[in-house]
Amino acid sequence: MNPPVEILPAASSAAGPFDLLMLALLLLSTLMAVALTLMVVGFSIRYRAGSRAERPGPVRHRRAIEYAWTGIPLLLFCAIYAWAAYDYAQLFRPPAGAMPVFVVAKQWMWKLEHRNGRREIGELHVPLGQPVRLVMTSQDVIHSFFVPAFRLKQDVVPGRYTTLAFTATKLGRFHLFCAEYCGTEHSLMRGEIVVMRPAEFEQWLQQGTSTPGIAARGFALYRRYGCSGCHEPGSSVHAPSLAHLVGRTVHLQDGRTLVADENYVRDSILLPRKDIVAGYGPDMPSFAGQISEEDLLAIIAYIREKPDER
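Residues numbered from 1 in each chain as written. Predicted model: local features only at pLDDT ≥ 70, side-chain atom pairs only at ≥ 80, totals over all residues. Heavy atoms only, no water.

The name recorded for the protein in an unreviewed UniProt entry is cytochrome-c oxidase, from Massilia agilis. Checking UniProt for the protein, the heading Sequence similarities (unreviewed entry) contains the comment "Belongs to the cytochrome c oxidase subunit 2 family." (UniProt positions renumbered as here; feature names shortened; annotations may be inferred.)

Among the nonpolar cores identified, the biggest contains 36 residues, and Val101, Trp110, Val126, Leu134, Phe145, Phe150 and Ile193 are the most heavily contacted of them. Excluding residues that lie within four positions of it along the chain, Phe145 makes contacts with Trp110, Leu134, Met136, Leu152, Lys153, Gln154, Val156, Leu164, Leu176, Phe177 and Ile193. (Core = buried A, V, L, I, M, F, W, Y, C linked by side-chain atoms within 4.5 Å. Buried < 20%, exposed > 50% of the residue type's maximum accessible area, 1.4 Å probe, protein only. Contact = heavy atoms within 4.5 Å.)

What follows covers empty space enclosed by the protein. Going through the model one piece at a time under the given rule, you end up with three cavities of 30 Å³ or more. Estimates place the volume of the largest cavity at around 40 Å³. Every residue along the wall of the largest cavity is listed here: Pro100, Phe102, Arg115, Ile214, Ala301, Arg304 and Glu305. Taken together, the elements giving at least two residues each to the lining of the largest cavity come down to strand 1 (99–106) and helix 7 (293–305). (1 Å grid on protein atoms, 1.4 Å probe; cavity = no way out; pocket = protein on both sides within 12 Å on 5 of 7 lines; lining within 4 Å. Points joined across faces, edges and corners; volume = space filled by probe spheres on them. Helix = DSSP H or I, 4+ residues; strand = E, 2+ residues; numbered from the N terminus.)

Within the secondary structure, Gly229 is located in helix 5 (residues 228–231). The sequence separation of Gly229 and Ala49 amounts to 180 residues, and the corresponding C-alpha distance is 91 Å. Excluding anything up to four places from it in sequence, Gly229 contacts Ser235 and Ser236.

A few words now on the layout of surface pockets. The volume enclosed by the largest pocket comes to roughly 640 Å³. Taken together, 34 residues form the lining of the largest pocket, with His231, Ala239, Pro240, Leu242 and Met284 sitting closest to its centre. Those elements that place two or more of their residues in the lining of the largest pocket are helix 5, strand 11 (249–251), helix 6 (262–270) and helix 7. No other element matches helix 6, which puts four residues into the lining of the largest pocket. Each residue belonging to the lining of the largest pocket can be placed in one class, and the counts come to 23 nonpolar, eight polar and three charged. Each pocket or cavity is described by its volume, and for the second largest pocket that value is around 200 Å³. (Nonpolar A, V, L, I, M, F, W, Y, C, P; charged D, E, K, R; others polar.)

So, about the UniProt feature "domain: Cytochrome oxidase subunit II copper A binding" (unreviewed entry) in the protein. The UniProt record annotates "domain: Cytochrome oxidase subunit II copper A binding" (unreviewed entry) at residues 96–207. Here residues 96–207 is 7% helix and 54% strand, with 26 Å between the C-alpha atoms at its ends.

For the rest of this paragraph, the subject is the UniProt feature "transmembrane region" (unreviewed entry) in the protein. As recorded in UniProt, the sites labelled "transmembrane region" (unreviewed entry) are residues 20–43 and 64–86. Taken as a whole, residues 20–43 contains 100% helix and 0% strand, while its terminal C-alpha atoms sit 34 Å from one another. Annotation note: span residues 64–86, helix share 100%, strand share 0%, distance between end C-alpha atoms 32 Å.

Before going further, it helps to examine the pattern of salt bridges. Tallied over the full model, the rule gives 15 salt bridges. With a shortest N-O distance of 3.5 Å, Asp295 and Arg217 are connected by a salt bridge. Here Asp295 is found in helix 7, whereas its partner Arg217 is found in helix 4 (residues 214–224), with 78 residues between them in sequence. Taking relative accessible area as the criterion, Arg217 reaches 16% and is therefore assigned buried. (Salt bridge = Lys/Arg side-chain N within 4 Å of Asp/Glu carboxyl O.)

Right, let's get into the packing of aromatic side chains. Overall, the coordinates contain 10 aromatic pairs when judged by the stated rule. Ring plane angle 50° and centroid distance 5.2 Å describe the contact between Phe219 and Tyr302, whose orientation is recorded as tilted. Highlighted residues: Phe219 in helix 4 and Tyr302 in helix 7, separated in sequence by 83 residues. The exposure class assigned to Phe219 is partly exposed, which follows from its relative accessible area of 35%. Geometry around Trp204 places Arg118 over its ring, the cationic atom sitting 4.1 Å from the centre. In this structure, Arg266 is placed above the aromatic ring of Tyr161, and the distance from its NZ or CZ to the ring centre is 5.9 Å. (Phe/Tyr/Trp six-rings, centres within 6.5 Å; stacked < 30°, edge-to-face > 60°. Lys NZ or Arg CZ within 6 Å of the ring centre and 35° of its normal.)

Turning to unusual backbone geometry, a few remarks are in order. A cis amide bond links Gln107 with the next residue in sequence, Trp108, at an omega value of -5°. Positive phi values are uncommon outside glycine, yet Arg151 reaches one of about 60°. Look at Arg151 and you get partly exposed, because its relative accessible area is 25%.

A covalent bond between the sulfur atoms of two cysteines is what we call a disulfide. Summed over all chains, the structure comprises zero disulfides. With no disulfide of its own, Cys178 lies closest to Cys182 among cysteine sulfurs, the gap being 3.9 Å. The exposure class of Cys178 is buried, given its relative accessible area of 7%. (Disulfide = S-S within 2.5 Å.)

A few words on the sheet that holds strand 10 (residues 190–196). Ordered in space as 4-10-9-6-7, the five strands form an open sheet in which the pairing is mixed. Each end of this open sheet is capped by a strand with a single partner; those strands are strand 4 (123–127) and strand 7 (152–156). Sheet twist, expressed as the mean angle between neighbouring strand axes with direction ignored, is 20°. Sheet topology places strand 4 next to strand 10; five bridges connect them, and they run parallel. (Pairing = 2+ DSSP bridges. Axes fitted to C-alpha atoms, helices over the stretch in contact; angles between N-to-C directions.)

Below is the structure:
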């Protein structure tokens, strides 16, 4: 029998820092609420009607107090903002070698694929203690990938890729929800994250992999759509090299530079005139409406691993 699904435990590398941040906010808010309540009650009793408390004329200027009640909350706010921003940024900075998982959301299911081609629907198996990087997109409307036990939530948007990185720290099965209303059966769009021991995960991963890996499938699509006719050595068309493209700085025709990521590759396939590489003309045709999101992810996986052949 499978162990019961758990929701509340801190089961990822992100959970501890976010729990600590929320605890700090709770304690600070409680401290301020108690202090203000005591002051209100104390002053109400001391200066009640008929009391003998001294009531001298009001003080018009107390610069030190004004600076304190302005400066101290501002400093606390900035400190909490910096703390939260740092923890949030770690979700999008996976360590080198993080295991990629490609996610396509659609009404009303999660479709997931591992690097070796193993596919899942509504369930994601990951190894304990190993960093995982999700590359996610939606096939129809906005969804939201939400795992309460991991303290993770990321919108999954049609027409772009969003990423999320985490490391599972506890064995078990944990709820996966869609946290964005996505249609009539939104409440049924749920699943599980299954965290396994690394050896058991590797054994599971190799089962049922009769289909080629996602990069191998991407290579076949790369050739089917004619990409190799322009982007390979010796081609008659002058086109940029795609070797080691993902993560590389790209110089554009209009003088801008950007770091190529999954969204850049996707736009280059569907909207080729959006970011034209310096030294090249706007010769590439658009493949909008011809390639599915799953095939786009496969092509991007191949380009990410493509060796330098020039």
